[in-house]
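# An overview of the molecular structure
Listed here are the chains, written in short residue letters.
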Amino acid sequence: MNVIFLGPPGAGKGTHAQKMCLEYGIPQISTGDILRKAIAEGTAVGKKAKEFMDNGSLVPDSVVIEIAKERLAKDDCQKGYILDGFPRTVAQAEALDKIASIDFVVNIAVSDEVIVKRLGGRRVCPNCQAVYHINFLNGETKCKDCKTEIIQRKDDSEETIKERLKVYSKQTAPLIDYYQKSDKLISVDGAIALDEVTEQVRKVFEAHND
Ligand code: AMP
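Residues numbered from 1 in each chain as written. Predicted model: local features only at pLDDT ≥ 70, side-chain atom pairs only at ≥ 80, totals over all residues. Heavy atoms only, no water.

### Comments concerning the site of the ligand
- Taken together, 16 residues surround the ligand, and among them Thr31, Arg36, Ser57, Gly85 and Gln92 come closest.
- Contacts to the ligand include Ser57, whose backbone N or O atom sits 2.7 Å from an oxygen atom.
- Within the side chain of Arg164, one N or O atom sits 3.4 Å away from an oxygen atom of the ligand.
- Protein coverage of the free-state accessible area of the ligand, which is 480 Å², stands at 96%. (Near = heavy atom within 4 Å. Polar contact = N/O pair within 3.5 Å; in protein donor to acceptor, adjacent residues only side chain to side chain. Areas by Shrake-Rupley, 256 points an atom, 1.4 Å probe, with all protein chains shown as cover.)

Structure representation (structure tokens):
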């Protein structure tokens with residue numbers, strides 16, 4: 001099963017992709033995570049990507065397409081995968097069409113207002129990538145799984161969130177139309193309670209699991 005999770009930053013793509021990957025035993029492929037790792041390791045790709053990411057803009061298509069191609073060629077992808085954060089432009093979707101056959105696309109729809117609240121309070125563990133929200137941390141500053149000090153992502157500052165939303169509506173939202181045209185798009189409401197979103201996403205997977 002080859003699946004794409006689409007949606008604005010903070011829609012919950014990563015959270016739901018992770019859950020479904022565990023349930024179906026397939027890898028979660030997040031270009032954002034791959035790029036953050038490249039930055040942490042100081043690789044050539046990381047050096048190219050850092051400024052774009054810090055500003056909330058997209059890393060150039062050529063860089064990201066190459067990363068996705070390399071990752072999708074690995075053995076663990078042969079039984080399926082969930083793409084989380086790729087493609088993000090029509091050029092990336094066209095490149096993906098040349099190397100993969102996508103079964104369906106889950107579009108997690110959330111308004112800008114909800115996104116600003118969610119991302120502004122988001123905190124992450126830089127070690128294991130666990131995600132938290134300040135409203136539920138009760139003053140706790142360490143990751144409950146690995147005890148690392150949790151942080152706010154640089155691109156979760158208010159100004160950068162606004163920029164990322166602009167980038168999303170201009171460059172990524174056209175993919176909704178792109179996948180609707182090929183009859184692959186299924187939208188779920190991402191603003192309802194987390195468990196309910198998970199249930200909706202699960203139903204979409206069950207309906208396509210043959
Ligand atoms: P994410 O973790 O998916 O929110 O991605 C964080 C940042 O990484 C984005 O704001 C972009 O700067 C960059 N990025 C991740 N995936 C892509 C992509 N498919 N195309 C371009 N830039 C990307």
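### Quick notes on helix α5 (residues 90–99)
- All buried positions along α5 are accounted for by Gln92, Ala93, Ala95 and Leu96. Buried residues of α5 fall within an arc of 160° about the axis and therefore sit on the same side. (Buried < 20%, exposed > 50% of the residue type's maximum accessible area, 1.4 Å probe, protein only. Helix = DSSP H or I, 4+ residues; strand = E, 2+ residues; numbered from the N terminus. Arc of directions from axis to C-beta.)

### Points about the packing of aromatic side chains
- Scanning the model with the defined rule gives four aromatic pairs in all.
- Arranged with centres 5.4 Å apart and planes meeting at 40°, the rings of Tyr24 and Phe205 form a pair that is tilted. With Tyr24 in helix α1 (residues 13–24) and Phe205 in helix α9 (residues 194–208), this pair connects stretches of sequence that are 181 residues apart.
- Under the relative-accessibility criterion, Phe205 is labelled buried at 0%.
- An aromatic cluster is defined as three or more aromatic residues linked by ring pairs; in this entry it consists of Phe5, Tyr24, Phe104 and Phe205. (Phe/Tyr/Trp six-rings, centres within 6.5 Å; stacked < 30°, edge-to-face > 60°.)

### Comments concerning unusual backbone geometry
- Put simply, Phe86 and Pro87 share a cis peptide bond, and its omega is 0°.
- Tracing the backbone shows Pro87 in the loop between β3 (81–84) and α5.
- Phi at Gln129 takes a positive value of approximately 70°, unusual for a residue other than glycine.
- Residue position: Gln129 is located in the loop between β5 (122–124) and β6 (131–133).
- On the basis of relative accessibility, which here comes to 40%, the residue Gln129 falls in the partly exposed class.
- Here Asp183, not a glycine, exhibits a phi torsion of approximately 65°, which is positive.
- When you line up the elements, Asp183 lands in the loop between α8 (174–181) and β7 (185–189).
- The exposure class of Asp183 is exposed, given its relative accessible area of 72%.

### A short note on the sheet that holds β3
- Spatially, five strands are ordered β2-β3-β1-β4-β7 in an open sheet, and the strand pairing comes out parallel. Two strands close off the open sheet at either side, each with one partner strand: β2 (28–30) and β7. The average angle at which neighbouring strand axes cross in this sheet is 20°, direction not considered.
- Sheet analysis places β2 next to β3, joined by three bridges and oriented parallel. Of the residues in β3, the one forming a bridge with Ser30 is Asp84.
- Against the sheet, α9 touches β1 (2–6), β3, β4 (104–109) and β7, its axis set at about 160° to β7. (Pairing = 2+ DSSP bridges. Axes fitted to C-alpha atoms, helices over the stretch in contact; angles between N-to-C directions. Contact = heavy atoms within 4.5 Å.)

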